[in-house]
Amino acid sequence: MTDGGLQKIGEQMIEIDLDKVTIREFNQQLHDLNGTDKKEAYKIMNPRGKHSVAVGADAPVDITVEGHVGYYCGGMNKHANIDIKGNAGPGVAENIMSGCVRVQGNTSQYAGATGRGGMLVIEGDASSRCGISMKGVDIVVGGSVDNMSAFMGQAGNLVVCGNAGHALGDSLYEVKIYVQGEVKSLGADCVEKEMTEEHVAKLAELLEKAKINADPRKFRRYGSARKLYNFKIDNARLPE
Amino acid sequence: MEANLGNWLSDMLIEMTDRGPDSAGIAIYRNPVAANQTKITLLSRDEDIDWKKLGEQLKKDLHAAFEIEPVLNHAIVTTDANADDIKTWLEQNRPEILVNASGKVIEAYKQIGLPENLIERFNVRKMQGTHALGHSRMATESNVTTEHSHPFATGEDLCLVHNGSLSNHNRLRTFLRDQKIKFQTDNDSEVAAGYLTWRLREGDSLEQALEAAMKDLDGFYTFAIGTQDGFAVLRDPIGCKPAVMAETDDWAAMASEFRAIECLPGAESAKIWEPEPSRIYSWQRD
Amino acid sequence: MSDSTDNEHKPQRPLPPLVESFTWNRGTISEIQRAAEEGIYSIRGGGAKRYVPHFDDLLFLGASMSRYALEGYRERCDTDVVLGSRFAKKPLHLDIPITIAGMSFGALSAEAKDSLGRGASMMGTSTTTGDGGMTPEERKSSKTLVYQLLPSRYGMNPDDLRKADAVEVVCGQGAKPGGGGMLLGQKISDRVAEMRTLPKGVDQRSACRHPDWTGPDDLEIKIQELREITDWEKPIYIKVGATRTYYDVKLAVKAGADVIVVDGMQGGTAATQDVFIEQVGIPTMPAVRLAVKALQEMGMHRKVQLIVSGGIRNGSDVAKCMALGADAVSIGMAALYALGCNDPKYDEDYRQLGTRAGFYDAYHEGRCPAGISTQDPELSKRLDPELGGRRIKNLLQTMMLEAQTLARACGKSHLHNLEPEDMVALTVESAAMAGVPLAGTDWIPGNTRY
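This structure is a prediction, so every number in the text was calculated from the model and none was measured. Sequence order sets the numbering: in each chain, residues are counted from 1 along the sequence as written. Lettering of chains starts at A and numbering of ligands starts at 1, both following the order in which they are written. With the structure being a predicted model, the display of local features is reserved for residues of pLDDT at least 70 and the display and counting of side-chain atom pairs for 80 or more, all residues being used for whole-chain, interface and lining totals. Only hydrogens and water are set aside; all other atoms, that is, all heavy atoms of the structure, feed into the side-chain values.

(A) Spatial organisation of the sheet that holds strand 14 (residues 305-309) of chain C. All names here are of chain C. The criterion for strand pairing is that DSSP finds at least two bridges linking the strands in question. For helices the rule is a DSSP run of H or I covering at least 4 residues; for strands it is a run of E covering at least 2, with both sets numbered from the N terminus onward. Strands sit in the order 5-15-14-12-11-8-7-6 across an open sheet of 8 strands; the sheet is parallel. With partners counted over all chains shown, the strands left at the sheet margins are strand 5 (98-100) and strand 6 (126-128), one partner each. Averaged over neighbouring strand pairs, the angle between their axes works out to 30° when direction is ignored. Pairing of strand 12 (residues 259-263) with strand 14, which is carried by 5 bridges, proceeds in the parallel orientation. Within strand 14, the position partnered with V259 by the bridge is Q305. Contacts: residue pairs with any heavy atoms within 4.5 Å of one another. Only the stretch in contact is used when a helix axis is fitted, and all axes are lines through C-alpha atoms; the angle between N-to-C directions ranges over 0 to 180 degrees. Those strands touched by helix 7 (residues 216-229) are strand 7 (144-149), strand 8 (166-170) and strand 11 (236-241), and its axis lies near 140° from that of strand 11.

Structure (structure tokens):
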């Protein structure tokens, strides 16, 4: 480890200066805790848009990132809580399994792509394909999401407090989508669905967990029409 | 900012080395020539070129004033001759020489290899100017040569850099050749540049030309286009190739990734966002 | 019959022979009528059925006077290969250069996956997961297991990623370069649905591009992430379907691959559009040549290893791929046939499915009588993994012995020392595609702009 890059603050907070420590060195240090229940706390300084910050964590550690990150921050995260005090590049928290990744700024494309569990909170806006192929993660966006969000989404919840871009929920399987603002257009097989009390309760729970302030009753719910589920041989039938 | 432009551009370009290690190029806008003059950046494929001798030949054949400032295998030519006449003369007499850019303020430098080599060789860090573009290329389907390097000149004081891959550039090149647009390579990005040249020649504004490009160019792209007094950005309707834009009170910047913008002073507090697909963004200096 | 007396004594003219149109033959007519009824393209499994120039069009120049042959069984002809030596801390050391290609649990039964693992492990080679994640059974039975990262990311998780011995980023497949996957609802059983986080019984649509990167410059960053998560230990493969192979291989090198897998158009699939299988991609033979040329130009031949797949059937196909410059090959369809797919002993079952042994390709329907491409517990019980494993081992062993026989005949003490110059082509097409001279001439037709 390079001298000076790593510093223990008090008993627990460990400061990592990415101007002095490489991504490899930090990730290795993180992975050395994998499979344990150590609750170390890290503060990451000078991320400067670097890629793969804190990927592959598998311990209940707290990681605070002081700045903007590049691609795949928190990729395949398990158990860790990652708080990014800035913007995140493409694929933040891709394939997240558990734990929580919070982005205080905006995110680029593919936020939470294929995520299987845990939570991704984006306080700002998410770009296109937010929650693409999501498989169980809960994504809560304080701002808006752009085109093709939740494309082919399989499971989990996507909550958008702002607006949604074109083709929301295209080719959807079973993701539940809640949007408070405008939806530019719905994708193939995505339809508006009834917002029951059960859904309001679930949404309230998600918002509370994400620490995002919004009134769950103001949201509309979207989901799969399930018409793409099995191809229907109806083209040859004469109209009745 | 203007005093540091070369330095900042260099830092940005070096950050993007991984995305394009095959060749690098820049366009910089500076030192405007007089209203009756044209500035042309020439590039010789022959490293041992005698630029002085070329200047004398041009003067003799085209009966115009030529001031040539050699920069290794590049040269900045200032002339009162017509730029098209010079291009035609070069094609006929000196086919090893390419026209990198022409206009009132643009200069363009490019070569194969890493950005840091280009920056060192052409002393880019010391360059001053109003605005600039850089590109590092990962060759996809065409060769790694100087001619294949970005930026591509598209018109007076215009140039284009491209990230992505066009899927209908071959037929479009054939069409544009019929419209007397000249191509030096089989590169897809050069077709995008040639397309804009054609639309502008037909009287389109840059905005109109880019609107038309969205209909006629198929495939994936993020374009950045240098203009006389600013730059424009356009992403294709699918919008998968990355782009980040940033603005402060002092500057506006665009790059494939934030880490390239990060090296600019004040980047941490800049307004940062991602351009929407199929939307034309443009900046002009006040 | 006419009642005219004039005709009575004339010899009868035989009926004219039935002439089938080449353009509008019975297959074409039947397909048109099927399309008119169903209103959707035809989906099937397997690989291209049309004729394409293949390795049978190449022949080895065995030793006689100018070269000295090696004695079979006595003089060594080594077969080992190291895969992933460019960046990975733990490259794979395989005893034979024939690996098992990626085929998913879901497309195949657990018993079939288990058999593949057992057979490959007995021969000291690797197997590969597929579009559906890693099963504990296959991890257990496979000594060396390659974990595929596909656009769908079904079942993808960091634990299995770390349990794998190598990671294969799948950008394309020979049967359908540029296309996604399609697994019909019949095969989405409870277990498959759970592994893939899908509702049971739905048609599963797999994407054609990856969800979190687009293009080689992004892929380079994705690979860095995978290396970080696996602490730079695992070799990273990039698999492409053979199309613009020369460029794709160069880009895979630039994106940071340790190993490149090129899958030719004869490669199989569990299910895709027939039009894709037959009309997209280039044959395996020219793909090897283009891939090797790209690697050589970059100075990366043998440094980034090349695995070739798509229609590899026997030891001579293996030896010819290696002679053209591949480091290893991969088999998929051949392994399924070894397990009993299309075995005549199930002919009666095949007839009930409206086909015959030797013609069955409806892998997507999940009713495989041999218990291979099915999730039906009654059918899959027919395949005993222990026996299946032995059959896979026997096939690999036979292929290896054949390849060694050919290599020894050419005077080689290692399969890797086979060269293009050890071969001639039988046809002009194969000479042009493989870049070896037409037999009896020094003529290599064709010109390449690459």
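(B) Structural context of the interface of chain B and chain A. Each side of the interface is counted separately: chain B has 17 residues, and chain A has 17 residues. Two parts lose some accessible area (1.4 Å probe) when they are put together, and adding that loss for both gives the buried area. Across the interface of chain B and chain A, roughly 1,300 Å² is buried in total on both sides, 40% from carbon and sulfur atoms. Per-residue buried area on chain B facing chain A is highest for C240, E262 and E274 of chain B; these three make up 32% of the total on that side. Between Lys or Arg on one side and Asp or Glu on the other, a salt bridge is scored when a side-chain nitrogen of the former is within 4 Å of a carboxyl oxygen of the latter. At the surface where chain B touches chain A, the tally comes to 1 salt bridge. Whenever a nitrogen or oxygen atom comes within 3.5 Å of another N or O atom, the pair is scored as a polar contact, on the condition that within protein one atom can donate a hydrogen and the other can accept it, and that pairs from neighbouring residues in sequence are kept only if both atoms are in side chains. Across the chain B-chain A interface, the total number found is 9 residue pairs in polar contact (both at pLDDT 80 or more). The leading source of residues in the side of chain B that touches chain A is helix 8 (residues 258-262) of chain B, at 3 residues. Here the nonpolar group is Ala, Val, Leu, Ile, Met, Phe, Trp, Tyr, Cys and Pro; Asp, Glu, Lys and Arg are the charged ones; every other residue, Gly included, is treated as polar. In terms of residue class, the side of chain B that touches chain A is built from 7 nonpolar, 1 polar and 9 charged.

(C) Representation of helix 8 (residues 245-255) of chain C. All names here are of chain C. The classification of residues rests on relative accessible area computed with a 1.4 Å probe and restricted to protein chains. Under 20% of the type maximum is buried, over 50% is exposed, and intermediate values are partly exposed. Here helix 8 lies mainly inside the structure; 10 of its 11 residues are buried. Buried within helix 8 we find T245, Y246, Y247, V249, K250, L251, A252, V253, K254 and A255. Looking at the buried side of helix 8, the elements it contacts are helix 7, strand 11, strand 12 and helix 10 (284-297). G256 sits one or two positions beyond helix 8 and adopts a positive phi of about 105°.

(D) Representation of the interface of chain A and chain C in the model. The interface is formed by 40 residues belonging to chain A together with 42 residues belonging to chain C. For the pair chain A and chain C, the summed buried surface comes to about 3,400 Å²; carbon and sulfur atoms form 52% of the total. The salt bridge partner of K78 of chain A is D159 of chain C, with a shortest N-O separation of 2.6 Å. On inspection of chain A and its partner chain C, the count reaches 17 residue pairs in polar contact (both at pLDDT 80 or more). A total of 5 residues in the side of chain A that touches chain C trace back to one element, the largest contributor, which is helix 1 (residues 23-31) of chain A. Classifying every residue of the side of chain A that touches chain C by side-chain character gives 18 nonpolar, 14 polar and 8 charged.

(E) Molecular detail of the side chain of E107 of chain B. Residue and element names in this part refer to chain B. Examined against the element boundaries, E107 turns out to sit in strand 6 (residues 106-112). Judged by its relative accessible area of 3%, E107 is buried. Among the polar contacts made by the side chain of E107, one reaches the side chain of R30 at a distance of 2.8 Å. Looking at E107, its side chain comes within polar contact range of the side chain of K39, at 2.9 Å. Each residue touching E107, except ones within four places of it in the same chain, is listed here: I26, A27, I28, R30, N31, K39, T41 and I76.

(F) Fine view of the pattern of salt bridges. Enumeration over the complete set of coordinates arrives at 69 salt bridges over all chains. The partner of E257 of chain B in a salt bridge is R259 of chain B, and the shortest N-O contact between them spans 2.5 Å. Here E257 of chain B matches R259 of chain B in class, with each residue buried. Here R313 of chain C ties to D56 of chain C by a salt bridge, and the two come within 3.0 Å at their closest N and O atoms. Remark: D56 of chain C occurs in the loop between strand 1 (43-46) and strand 2 (58-60) and R313 of chain C occurs in the loop between strand 14 and helix 11 (315-324); sequence separation between them is 257 residues. Take R313 of chain C: its relative accessible area is 36%, and that puts it in the partly exposed class. Put simply, E15, D18, R19, K241, E257 and R259 of chain B together with D217 and D218 of chain C are held in one network by salt bridges that share partners.

(G) Expanded view of the sheet that holds strand 2 (residues 38-44) of chain B. Residues and elements named next belong to chain B. Strand order in the open sheet formed by 4 strands is 3-4-2-5, and the pairing between neighbours is antiparallel. This sheet does not close on itself; its edge strands, each paired only once, are strand 3 (66-71) and strand 5 (97-103). Shown here is a sheet whose adjacent strand axes are inclined to one another by a mean of 20°, direction ignored. Note: strand 3 against strand 4 (residues 74-79), 6 bridges, orientation antiparallel. When the sheet's bridge partners are listed, V71 is paired in strand 4 with H74. This element, helix 2 (residues 51-62), spans strand 2, strand 3, strand 4 and strand 5 of the sheet and lies at about 160° to strand 3.

(H) A look at the packing of helix 8 of chain C against helix 10 of chain C. Residue and element names in this part refer to chain C. At their nearest, the axes of helix 8 and helix 10 sit 8 Å apart, and the two run at 45° to each other. Considering their axes alone, helix 8 and helix 10 lie oblique with respect to each other. In this structure, the crossing between helix 8 and helix 10 has a hand that is right-handed. For the pair helix 8 and helix 10, the contacting residues are T245, Y246, V249, K250 and V253 in the first and A287, L290, A291, K293, A294, L295 and E297 in the second. Residue composition of the contact of helix 8 with helix 10, grouped by class: 8 nonpolar, 1 polar and 3 charged. Our angle categories are set so that under 35 degrees counts as roughly parallel, over 145 as roughly antiparallel, 65 to 115 as roughly perpendicular, and the remainder as oblique. Each crossing gets its hand from how the near helix is turned against the far one by less than a right angle, where anticlockwise is left-handed and clockwise is right-handed.

(I) Main features of a nonpolar patch on the surface. Taken together, W24, I29 and I32 of chain C make up a surface patch of nonpolar side chains, about 310 Å² in accessible area. Tracing the backbone through its elements, the reader meets I29 of chain C in helix 2 (residues 26-38). Only residues above 30% relative accessible area that lack a salt bridge enter a patch, with like-charged residues linked at up to 9 Å and the nonpolar side chains Val, Leu, Ile, Met, Phe, Trp and Tyr linked at up to 5 Å. Each accessible area value is a Shrake-Rupley result obtained with a 1.4 Å probe; residue values ignore everything except the protein chains displayed when judging cover.

(J) Structural view of the pairing of strand 6 of chain B. Residue and element names in this part refer to chain B. The element strand 6 is largely enclosed, with a buried count of 6 among its 7 residues. When strand 1 (residues 23-29) meets strand 6, the two strands line up antiparallel, connected through 7 bridges. Note on strand 6: the bridge partner recorded for Y29 is I106.

(K) Representation of empty space enclosed by the protein within the structure. All names here are of chain C. A 1.4 Å probe that fits but cannot get out identifies a cavity on a 1 Å grid over protein atoms alone, an open set with protein on both sides within 12 Å along at least five of seven lines counts as a pocket, and a residue lines either if it has an atom within 4 Å of a point. Grid points are joined across faces, edges and corners, and a volume is the space filled by probe spheres set on the points. For the structure shown, the criterion picks out 4 cavities of 30 Å³ or more. In terms of lining, the largest cavity is formed by 14 residues, of which the most central are T99, A101, T128, E168 and S330. Contributing elements (two or more residues each) for the lining of the largest cavity: strand 5, strand 6, strand 11 and strand 14. When the residues that make up the lining of the largest cavity are grouped by side-chain class, the tally is 6 nonpolar, 6 polar and 2 charged. Reported here for the second largest cavity is a volume of approximately 50 Å³. G130, D131, G132, G133, Y147, Q148, L149, L150, S152, R153, Y154 and M156 together form the lining of the second largest cavity. Tallied by class, the residues present in the lining of the second largest cavity amount to 5 nonpolar, 5 polar and 2 charged.

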